[in-house]
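Listed here are the chains, written in short residue letters.
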Amino acid sequence: MDPIAGLSLGFANALSLGNLGWALLGCFLGTAVGVLPGIGPALTIALLLPITFQVEATGAFILFCGVFYGAMYGGSTTSILLNTPGESGSIITALEGAKMARNGRAGPALATAAIGSFVAGTIGTLGISFLGPIVVELALKLGPAEYFSLMVLCFVTVSAVLGGSPLRGLTSLFFGLLLGLVGIDLQTGQPRMTLGVPELLDGVNVVLVAVALFAVGETLHLAWRHVGGASEVRPVGRIMMSGRDWKRSIGPWIRGSLLGFPFGVMPAGGTEMPTMLSYYAEKKLAPPEAQQEFGTTGAIEGVAGPEAANNAAAAGVLVPMLTLGLPTSATAAIMLSAFQSYGINPGPMLFEQQGALVWTLIASLYVANVMLVVLNLPLVGLWARILKIPQPQLYAGILVFATIGTYGISNSVTDLVLLYAIGLIGMFMRRFDFPTAPVVIGMILGPMAEQAMRQALTISQGDWTTFVTRPVSLAILLLALAALLGPRLYGTVRRVRD
Amino acid sequence: MPDRRSLLAAASLLLAAGGRPAAAQARFNSLYMFIPAGPGGGWDGLGRAIEQVARQAGLVSTFQFENVGGAGGTVGLPRFVGQRRGRPDSLMVAGSIMVGATFTNRTPVGIKDLVPVARLTEEAGVVVVPAQSEIQDLKGLLEALKANPGGVAIAGGSAGGTDHITLGLILKALGRSAKEGSYVAFAGGGPAQAAILGAQVKAGISGLSEFAEQIKAGRMRALATTGAERTDPAIPTLKENGLDVVMTNWRGVFAAPGIRPDARQKLVDFITELHALPAWQEMLKTRDWADAFLTGDAFTAFLAEDQAKTEAVLKEVGLA
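Residues numbered from 1 in each chain as written. Chains lettered and ligands numbered in written order. Predicted model: local features only at pLDDT ≥ 70, side-chain atom pairs only at ≥ 80, totals over all residues.

With an unreviewed UniProt entry as reference, chain B is termed Tripartite tricarboxylate transporter substrate binding protein, source organism Siccirubricoccus soli. According to the UniProt record, the Sequence similarities (unreviewed entry) comment for chain B is "Belongs to the UPF0065 (bug) family." (UniProt positions renumbered as here; feature names shortened; annotations may be inferred.)

Chain A appears in an unreviewed UniProt entry as Tripartite tricarboxylate transporter permease from Siccirubricoccus soli.

A. Spotlight on the overall build of chain A. If you tally the helices and strands in chain A, you get 22 helices and two strands. Since a compact globule built from 498 residues should have a radius of gyration of about 23 Å, the 22 Å found for chain A is in line with a globular shape. Along the longest, intermediate and shortest principal axes, the C-alpha atoms of chain A span 60 × 55 × 55 Å. Evaluated residue by residue, chain A yields a buried proportion of 59% over its 498 residues. Of the contacts made within chain A by residues no fewer than 6 positions apart, 81% connect residues no fewer than 24 positions apart. (Helix = DSSP H or I, 4+ residues; strand = E, 2+ residues; numbered from the N terminus. Rg over C-alpha atoms; globule rule 2.2 N^0.38 Å. Buried ≥ 20, exposed ≤ 12 C-beta atoms within 10 Å, placed from the backbone. Contact = placed C-beta atoms within 7 Å.)

B. Inspection of the overall build of chain B at higher detail. In terms of helices and strands, chain B carries eleven helices and ten strands. Referenced to the eigenvectors of the C-alpha coordinate spread, the extents of chain B come out at roughly 60 × 40 × 35 Å. Split into buried and exposed, the 320 residues of chain B put 53% on the buried side. For chain B, the proportion of contacts with a sequence separation of at least 24, taken over those separated by at least 6, is 79%.

C. A look at the interface of chain B and chain A. Listed per partner, the contact involves 47 residues of chain B and 44 residues of chain A. Going through the elements one at a time, helix H1 (2-17), strand S6 (182-185), helix H7 (189-197) and helix H8 (208-216) of chain B are the ones with two or more residues in the side of chain B that touches chain A. Partitioned by chemical class, the residues of the side of chain B that touches chain A number 23 nonpolar, 20 polar and four charged. (Nonpolar A, V, L, I, M, F, W, Y, C, P; charged D, E, K, R; others polar.)

D. Examining helix H8 (residues 144-156) of chain A more closely. Residues and elements named next belong to chain A. Helix length check: H8, at 13 residues, gives a terminal C-alpha distance of 19 Å against a target of 18 Å (1.5 Å per residue), a fit within 8%. Counted residue by residue, H8 has eleven buried out of 13 residues, so it is predominantly covered. Regarding H8, the residues found buried are Pro-144, Ala-145, Glu-146, Tyr-147, Phe-148, Ser-149, Leu-150, Met-151, Val-152, Leu-153 and Cys-154. Residues of H8 that are buried sit in contact with helix H12 (272-285), helix H20 (437-459), helix H21 (466-469) and helix H22 (471-497). (Expected span 1.5 Å × (residues − 1).)

E. Molecular detail of the confidence of the model for chain B. Chain-level statistics for chain B give a pLDDT mean of 82 and a share of 91% at 70 or above. Reported for the predicted complex are a pTM of 0.83 and an ipTM of 0.80. (pLDDT = per-residue confidence, 0-100.)

Set out below in structure tokens:
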């Protein structure tokens, strides 16, 4: 079935009243779980698995895809409003988004995230429909060596969040790398730095650390510095995006989407790397007056780009699942097990054997995407009003919210102890001007880079030149080098010339 | 929120059962089922399958589930042992993955602290090469492994798991040391499959169900399965090729430590009755699980043998 015929069949099925109902329910549930930190789409779909005994396959998968897309939309809301990212893909959104909210621009931040998610979702779904099989064959050519080089490239992006003092920034980064080491080493099965606590065997959850540093740390810091102070109500500001906001968002939306989709398709890509790269690119590409807003009052580019990258990557994750039966994320793995409970074997032959189901599913992704933007845009005004809550109550609420969400990750008291211990560290980091974002970046990239490097070296039998003799890997490394040295060389050349 | 989670599952299953009248005498009013893995995986699947069949047959009125995932089950294991000690109405799902994990993690609490009830299912592993590989059959792979084990990178699941042990046993059977193998561990089936499909590695080892679709589509070539007998009539076993290696990924249920012998017998009787139900045989067929029912002393003896085999390989690789 060619894509056009497939899509028209798919839309004919997806637009039936029953399937629209499943899509709406999925979008609604997804938005709700996306908003809560800790409870992600994977867990939600796992909880919904028993419905596969009752509901026919098409309806169930439309529901699951609605949850999946909805969670990506909802994840940005708490990142922006409460500095509490719901999942790892929206951690970067919190960097600029929360600063915009604090400076009376919560409305535009939420709106650019919602519309950016729509743009990215549409581009991503178009990618699934027309490019999927080709992109996935290309992505298979990437091995651990290339992934390691990609992570080296991502490490360059740390420089965008280091803040004024490189020493402080790098200290934060190494703290993150240290936290990332905790747990069982994948290549040897040996526990590292778990201090004999079984709950630490699986490592420290990165969303937990982000919530602890961003939300708990800030709340504790505020409580510490503002004892007895008058509570100020934050300005809500205008809700809609101005013409200038639109103009500043369009580029980042498109660039973020184009960056995110291929990363999602890569079997070891994920949503975190493209959000980092998008943030870095937008910071470098922004005009000088917008660059001043990065890290201070919050730049809209820094929300629009990463949020689009996150959503496009999420769409990309569906490509290897549908075309090859490869589960490359937790959510995809659970969806695959749902396929199996219907007696459908997801694999390279899925498109041929279950064409109608797959195209209906893809069509329902378009539908879900439209539903989500329609659901979410009117909510922007409502969400932004949360900020009118007086600060003590608002921050108390954030603490409750962060605590419940963290407990939801694994029902473990150890996680709560970690949340507040790291939150306390976050409080001191804020007090002494250590940036917290490098901690999270180090934690995400460190373990991924380590595993990719060791996998590559096992394959090459310990030959380090594998990173430069494989052409794609070499190209990525050169790009990283250019990104690191380029601006400095350019600056020196200009100074010499003046 | 395990309670709400299990309520949700229980509610939907109540709908599924349609309030069917109890056919048999209920053996347990309520049974607590502990899954040391996240929802959606193999252990979770077995636990929920037991619930589905037992409730429909009226063997158990209600189930309470708790999932504590991570580290091959060794995060949940100490919690089950600590909190359910002496409780006769508790079951935990576990399997061969946990055997390896308790050795590599050196956890103070091990399978020895559990009371074996029954082994229920098993899945054979499969050795594959990418479709474009120059290796045509098992003989070719074994020759390459014998000549230079380090040069044959083999992908599979986490280090110390069933796939890794299988490679170690193959190398030992070839007269090489398990340590010489070039094993590339991947987190989960997706990335490992991608590395094999993209020919980043020379070969791969994993559960047959993980690779079955890729084999059917001709993107991977199956060289051998690791069970005692052929699972797929078209794929020979390692044993047929003269290698004395049998390694399967088995799953079963265990009781909490400190329960009385009669309480254990009651659980064994319950699982035996469950296994005899036509609904269970139906379940095995739809899930594509091989029946590996074993209970009592035979199961205990099997466990001891499995642990010794696993420990020997892991010691040789230097992981235990």
